[in-house]
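Close look at the chain arrangement
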Amino acid sequence: MMLIVADVISRNLLATPIIGVAEISARSVGAIVFLLLPSAALNGALIRSDFLLRGIELLSPRALHLLDTLFGLAGAGIFALVAIAAWPDTHDAWMSSDFFGVRGVWTLPTVPFHLLVVIGGAATSLAFTIVAADCAMKMLKPGRPLS
């Protein structure tokens, strides 16, 4: 963010852009998202509509925990597939020493950004697995009335 602000100031005051800011910014958005996803999954901070879930919770807390378990398992599966799907591009970028930017002016390797998608997808899959296990334990907790 500071780099973007410095670029805006440099463009407006000095009429000289900072080389590479647009490329770094474009790639950083995806990296930031995949770095934050595991934490969001663990903390229940992912956006979802819960008006129906509130009604289900009033009728049957176990049903709500079952739905949350299924949601966690679905999330784990989806993000495992994301990590698996992103791996070939990461491997190819590593083997070909892929760069983005303008050769001779400014370049940056793409491997770290691809790797963050793979690691973030795998970590999010693990986080969803933990959430699903926690919800399943709540659902199966003894002493709760069947409802």
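Residues numbered from 1 in each chain as written. Predicted model: local features only at pLDDT ≥ 70, side-chain atom pairs only at ≥ 80, totals over all residues. Heavy atoms only, no water.

Quick look at the packing of aromatic side chains now. Summed over the entire model, instances satisfying the criterion amount to four aromatic pairs. With a centroid separation of 5.8 Å and 80° between ring planes, the pair formed by Phe71 and Phe128 is classed as edge-to-face. Of this pair, Phe71 sits in helix H4 (residues 61-96) while Phe128 is found in helix H5 (residues 111-140), placing the two residues 57 residues apart along the sequence. Owing to a relative accessible area of 38%, Phe71 belongs among the partly exposed residues under this scheme. When its relative accessible area of 4% is taken as the criterion, Phe128 is described as buried. With a centroid separation of 5.9 Å and 15° between ring planes, the pair formed by Phe79 and Phe128 is classed as stacked. Here Phe79 is found in helix H4, whereas its partner Phe128 is found in helix H5, with 49 residues between them in sequence. An identical accessibility class is assigned to Phe79 and Phe128; each is buried. Following the ring pairs from residue to residue traces out a cluster consisting of Phe71, Phe79 and Phe128. Here Arg27 stacks its cationic end above the ring of Phe100, 4.4 Å away from the centre of that ring. Across the ring face of Phe71, the terminal group of Arg48 is positioned such that the distance to the ring centre comes to 5.2 Å. (Phe/Tyr/Trp six-rings, centres within 6.5 Å; stacked < 30°, edge-to-face > 60°. Helix = DSSP H or I, 4+ residues; strand = E, 2+ residues; numbered from the N terminus. Buried < 20%, exposed > 50% of the residue type's maximum accessible area, 1.4 Å probe, protein only. Lys NZ or Arg CZ within 6 Å of the ring centre and 35° of its normal.)

Applying the stated criterion across every chain, the model contains four salt bridges. One salt bridge connects Arg11 with Asp7, and the closest N-O pair in it is separated by 2.9 Å. Placement of the pair is Arg11 and Asp7 together in helix H1 (residues 2-14), with a separation of four residues, close to one helical turn. When its relative accessible area of 7% is taken as the criterion, Asp7 is described as buried. Note that Arg54 is salt-bridged to Asp50, the shortest N-O span being 3.4 Å. (Salt bridge = Lys/Arg side-chain N within 4 Å of Asp/Glu carboxyl O.)

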